[in-house]
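Structural overview for review
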Amino acid sequence: MRQWRWLSMRCAVLLSICLSVSGVSAADLPYGKLLHDTECLTCHKETHYTRQQRLVHSLPELRKRVAYCRDDVGAEWDAAETEEVVQYLNTGYYRF
Ligand code: HEC
């Protein structure tokens with residue numbers, strides 16, 4: 001099961017690379033968003049990041065939380081991929 005998820009994520013990533021190489025706007029599909037949307041929308045939606053009583057109040061806290069949820073869901077992201085997601089969430093929602 002985990003292998004399939006891993007494989008489908010890799011396929012999605014490959015697809016986005018192909019799309020960006022072929023000139024379809026890569027800006028619409030940032031890598032961090034792709035990783036996030038593949039793994040992170042089963043328990044909470046994006047509204048979780050903008051709710052009033054949110055848990056995260058700084059960039060280090062955001063890094064910690066992303067790593068925590070990543071391990072919880074079993075996403076096999078390396079440090080660079082994890083940072084892409086942190087940047088995606090920070091740019092799109094938290095803005096520290
Ligand atoms: C297994 C369920 C689950 C999955 C999947 C999950 N999360 Fe979470 N996440 C939680 C829970 C539970 C909280 C804390 C909610 C609370 O205490 O109100 C949370 C909170 C967060 C927060 C803090 C929100 C705030 O209040 O500021 C961030 C950021 C976050 N998750 C990122 C991620 C990312 C990135 C992923 C994908 C790797 C992910 N989550 C996947 C369960 C999950």
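Cut-offs and rules
Residues numbered from 1 in each chain as written. Predicted model: local features only at pLDDT ≥ 70, side-chain atom pairs only at ≥ 80, totals over all residues. pLDDT = per-residue confidence, 0-100. Helix = DSSP H or I, 4+ residues; strand = E, 2+ residues; numbered from the N terminus. Contact = placed C-beta atoms within 7 Å. Core = buried A, V, L, I, M, F, W, Y, C linked by C-beta atoms within 7 Å. Buried ≥ 20, exposed ≤ 12 C-beta atoms within 10 Å, placed from the backbone. Near = placed C-beta within 6 Å. Nonpolar A, V, L, I, M, F, W, Y, C, P; charged D, E, K, R; others polar. Axes fitted to C-alpha atoms, helices over the stretch in contact; angles between N-to-C directions. Parallel < 35°, antiparallel > 145°, perpendicular 65-115°, else oblique. Left-handed = near helix turned anticlockwise from the far one by under 90°. Expected span 1.5 Å × (residues − 1).

Right, let's get into the confidence of the model for the protein. Mean pLDDT over the protein: 83, with 70% of residues reaching 70 or higher. Across the protein, the element-wise mean pLDDT spans from 56 in helix H1 (residues 2-21) up to 97 in helix H3 (residues 59-73). Segment residues 21-28 is flagged for pLDDT under 50; beyond a separation of four residues in sequence, or across chains, it makes three contacts in the model.

With six residues, the main nonpolar core is built from Leu 35, Leu 62, Val 66, Val 85, Val 86 and Leu 89. At the level of elements, H3 and helix H4 (79-94) are the ones that each hand at least two residues to this core. Considering each element in turn, this core owes the most residues, three residues, to H4.

Right, let's talk about unusual backbone geometry for a bit. Residue Arg 95 is not a glycine yet carries a positive backbone phi of 55 degrees. Position of Arg 95 relative to the elements: it lies in the segment after H4.

Near the ligand there are 21 residues, and of these Cys 40, Cys 43, Arg 54, Leu 55 and Cys 69 occur at the shortest range. Those elements giving two or more residues to the shell around the ligand turn out to be helix H2 (31-39), H3 and H4. With seven residues, the top contributor of residues to the shell around the ligand is H3. A breakdown of the residues in the shell around the ligand according to their chemical character gives twelve nonpolar, four polar and five charged.

For H4, every residue scored as buried is listed here: Glu 84, Val 85, Val 86 and Leu 89. Those residues of H4 that are buried lie in contact with H2 and H3. Positive phi shows up at Arg 95, right after H4, with a value of about 55 degrees.

In the contact formed by H3 and H4, the axes pass within 10 Å of each other and the chain directions differ by 125 degrees. Taken together, the axes of H3 and H4 are oblique relative to one another. Of the two elements, H3 crosses H4, and the hand of that crossing is right-handed. Residues Leu 59, Leu 62, Arg 63, Val 66, Ala 67 and Arg 70 of H3 form the contact with H4, whose own contacting residues are Thr 82, Val 85, Val 86, Leu 89, Asn 90 and Tyr 94. Looking at side-chain class alone, the contact of H3 with H4 contains eight nonpolar, two polar and two charged residues.

Attention now moves to H3. Given a rise of 1.5 Å per residue, 15 residues ought to cover 21 Å, and the 21 Å separating the end C-alpha atoms of H3 matches this to within 8%. Just downstream of H3, Gly 74 is the residue with a positive phi angle, here 80 degrees.

On to the environment of Val 86. Following the sequence through the fold, Val 86 ends up in helix H4. Classification of Val 86 as buried rests on a count of 20 C-beta atoms within 10 Å. Distance in space between the C-alpha atoms of Val 86 and Leu 62 is 6.8 Å, their sequence separation being 24 residues. In contact with Val 86, not counting residues within four places along its chain, are Leu 62, Arg 63 and Val 66.

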